[in-house]
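# Residue-level structural notes
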Amino acid sequence: MLASKARPQLQKVLDPLSQWAARSSVSPDLVTVIGTIGVAGAALGFFTRGVFFLGTVVITLFVFSDLMDGVIARARGISSKWGAFLDSTSDRVGDGAIFGSLVIWYAGDGDSLPLAGAALLCLVAGSVTSYVKARAEGLGFSCNVGFAERGERLLILLVAAGLYGLGVPYLLPVALWFLVGATVLTVAQRVVHVHRQFVRSGRPTFAPPAGAPSTEADAGPASTAPPGADPSGASSVMASAGVDSAPLDPPPVAPTPAASPLVPRVAPGR
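Residues numbered from 1 in each chain as written. Predicted model: local features only at pLDDT ≥ 70, side-chain atom pairs only at ≥ 80, totals over all residues. Heavy atoms only, no water.

### Quick notes on the overall build of the protein
To be explicit about the condition: Only DSSP runs of H or I with at least four residues qualify as helices, and only runs of E with at least two residues qualify as strands; both kinds are numbered from the N terminus onward. With a 1.4 Å probe rolled over the protein chains alone, any residue whose accessible area is under 20% of its type maximum counts as buried; one over 50% counts as exposed, and the rest are partly exposed. Whether two residues touch is decided by their heavy atoms; if any such pair falls within 4.5 Å, the residues are in contact. Shrake-Rupley sampling with a 1.4 Å probe provides the accessible areas, and residues are treated as covered by the protein chains on show and by no other component.
Within the protein, the regular secondary structure consists of ten helices and zero strands. The proportion of buried residues among the 270 residues of the protein is 31%. Restricting the contact set of the protein to residue pairs at least 6 apart, pairs at least 24 apart contribute 77%. Accessible surface computed for the protein: about 17,500 Å², of which carbon and sulfur atoms make up 68%.

### Looking at the packing of helix H2 (residues 28-46) against helix H3 (residues 52-63)
What counts here: Lines fitted to C-alpha atoms define the axes here, with helix axes fitted over just the stretch in contact, and angles between the N-to-C directions of these axes take values from 0 to 180 degrees. An angle counts as roughly parallel when it lies under 35 degrees, as roughly antiparallel when it exceeds 145, as roughly perpendicular when it falls between 65 and 115, and as oblique in every other case. Amino acids are sorted into nonpolar (Ala, Val, Leu, Ile, Met, Phe, Trp, Tyr, Cys and Pro), charged (Asp, Glu, Lys and Arg) and polar (every other residue, Gly among them).
Look at H2 against H3: their axes get within 8 Å of each other, and the N-to-C directions meet at 170 degrees. Between H2 and H3, the angle is such that the two are roughly antiparallel. Only Leu-54, Gly-55, Val-58, Ile-59, Phe-62 and Val-63 of H3 make contact with H2, whose side of the interface consists of Ile-34, Gly-35, Gly-38, Val-39, Ala-42, Ala-43 and Phe-46. Of the residues in the contact of H2 with H3, the class split is ten nonpolar, three polar and no charged.

### Some points on the nonpolar core
In plain terms, the rule: Each nonpolar core is a collection of buried residues, namely Ala, Val, Leu, Ile, Met, Phe, Trp, Tyr and Cys, held together in the definition by side-chain atoms within 4.5 Å.
With 30 residues, the main nonpolar core has Phe-47, Ile-59, Ile-98, Leu-102, Leu-157, Leu-172 and Leu-176 as its most contacted residues. Of all the secondary-structure elements, those providing two or more residues to this core are H2, H3, helix H5 (81-107), helix H6 (113-138), helix H7 (150-165) and helix H8 (171-200). Broken down by element, this core gets its largest block of residues, seven residues, from H5. For Leu-157, the contacting residues outside a window of four places in its chain are Ile-98, Phe-99, Leu-102, Leu-172, Leu-176 and Leu-179. The next biggest cluster of nonpolar side chains, apart from the first, holds five residues, and it includes Val-132, Ala-136, Cys-143 and Val-194.

### Thoughts on the packing of aromatic side chains
Selection rule: Here a Phe, Tyr or Trp ring, Trp counted by its six-membered ring, pairs with any other such ring whose centre lies within 6.5 Å, and the pair is stacked when the planes are under 30 degrees apart, edge-to-face when over 60, and tilted otherwise.
Enumeration over the complete set of coordinates arrives at five aromatic pairs. On the numbers, 5.9 Å between centres and 85 degrees between planes, the contact of Phe-52 with Trp-105 is edge-to-face. With a gap of 53 residues between them, Phe-52 in helix H3 and Trp-105 in helix H5 connect regions that are remote in the sequence. A relative accessible area of 16% means that Trp-105 is categorised as buried. Taking relative accessible area as the criterion, Phe-52 reaches 3% and is therefore assigned buried. Three or more aromatic residues link up through ring pairs in this structure, and these residues are Phe-47, Phe-52, Trp-105 and Tyr-164.

### Regarding a nonpolar patch on the surface
For clarity, the cut-off: Like-charged residues within 9 Å of one another, or nonpolar side chains (Val, Leu, Ile, Met, Phe, Trp, Tyr) within 5 Å, are grouped into patches, provided each residue has over 30% relative accessible area and no salt bridge. Only one rule defines a salt bridge in this text: a Lys or Arg side-chain nitrogen within 4 Å of an Asp or Glu carboxyl oxygen.
Where nonpolar side chains cluster on the molecular surface, the patch consists of Phe-53, Leu-54, Val-57, Leu-61, Leu-155, Val-159, Leu-163, Leu-166 and Val-168 and spans about 760 Å² of accessible area. If you list the elements that add at least two residues to the nonpolar patch, you get H3 and H7. No other element matches H3, which puts four residues into the nonpolar patch. Mapped onto the elements, Leu-163 comes out in helix H7. On the basis of relative accessible area, Leu-163 is assigned to the partly exposed category, the value being 35%.

### Some words on the packing of H7 against H8
For clarity, the threshold we go by: Crossing handedness is defined as follows: a turn of the near helix away from the far one that is anticlockwise and smaller than a right angle gives a left-handed crossing, while the clockwise case is right-handed.
Following both chains from N to C, one finds H7 and H8 inclined at 170 degrees, their axes separated by 8 Å at the closest point. The angle between the axes of H7 and H8 places the two elements in the roughly antiparallel class. Pair H7 / H8 crosses with left-handed handedness. On the side of H7, the interface is formed by Arg-153, Ile-156, Leu-157, Ala-160, Ala-161, Leu-163 and Tyr-164, while H8 contributes Leu-171, Leu-172, Pro-173, Ala-175, Leu-176, Phe-178, Leu-179 and Thr-183. For the contact of H7 with H8, the class distribution of residues is 13 nonpolar, one polar and one charged.

### Re the pattern of salt bridges
In this structure the tally under the stated criterion is four salt bridges. Here Asp-95 and Arg-150 are joined by a salt bridge, their closest N and O atoms 2.9 Å apart. Here the residue Asp-95 occupies a position in helix H5, and Arg-150 occupies one in helix H7, the gap between them amounting to 55 residues. Taking relative accessible area as the criterion, Asp-95 reaches 12% and is therefore assigned buried. Salt bridges here are not isolated pairs; linked through shared partners, they connect Asp-91, Arg-92, Asp-95 and Arg-150.

See the structure below:
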């Protein structure tokens, strides 16, 4: 929410640069890819070694490309679903690199398994937060709620990491634990928000595919067969095939050969 309110002010600063890029031949997709590579490279190159201030500065410079690519695409009239897909995917890669770098740092030279676990929780919960929104919107629900969306999480982490790199103690650990709670709260808010929409909409279900056979529950009570009917249903099958349903004559029985008269056997020489 905070980042959403700050975005218009940041956009005013970036508009001149974005308009210049729009007049050039720079592709918005290329800007997105370069920004993602820059964020991931800076996080893995600086944060994993505990260089937080310089790493924060470099990451922040590349994060601005996340705001520029959309302006370039709109100025040229080439906004597309592909661009939105690429942008969202790149955001997940950048976030994963930032929090993953903190996991590596605290599991190694940072020497703090609890903080490594906190950074890992932030990484997992952040991915779930984005997935919940994408899945909800794919099913036709709105999901623009949450205490800490991606912009807020990234802003809090970068400010804390930069100041921590300048020597402010405990700020980055406190920010990580705060983000754990804020991100889990955001996931819960979005799940509740979608569930309320589901209840208000009358609990719609997925329609069965066309031509799917009905289940026994949909078929109603079973009918009682009339007396003398073939319970196996074979007669109805034969009738539909054009076969006379009259009872068949029993198959002829082959005659048993008459027994030959017994001839006494006489032993030779008697």
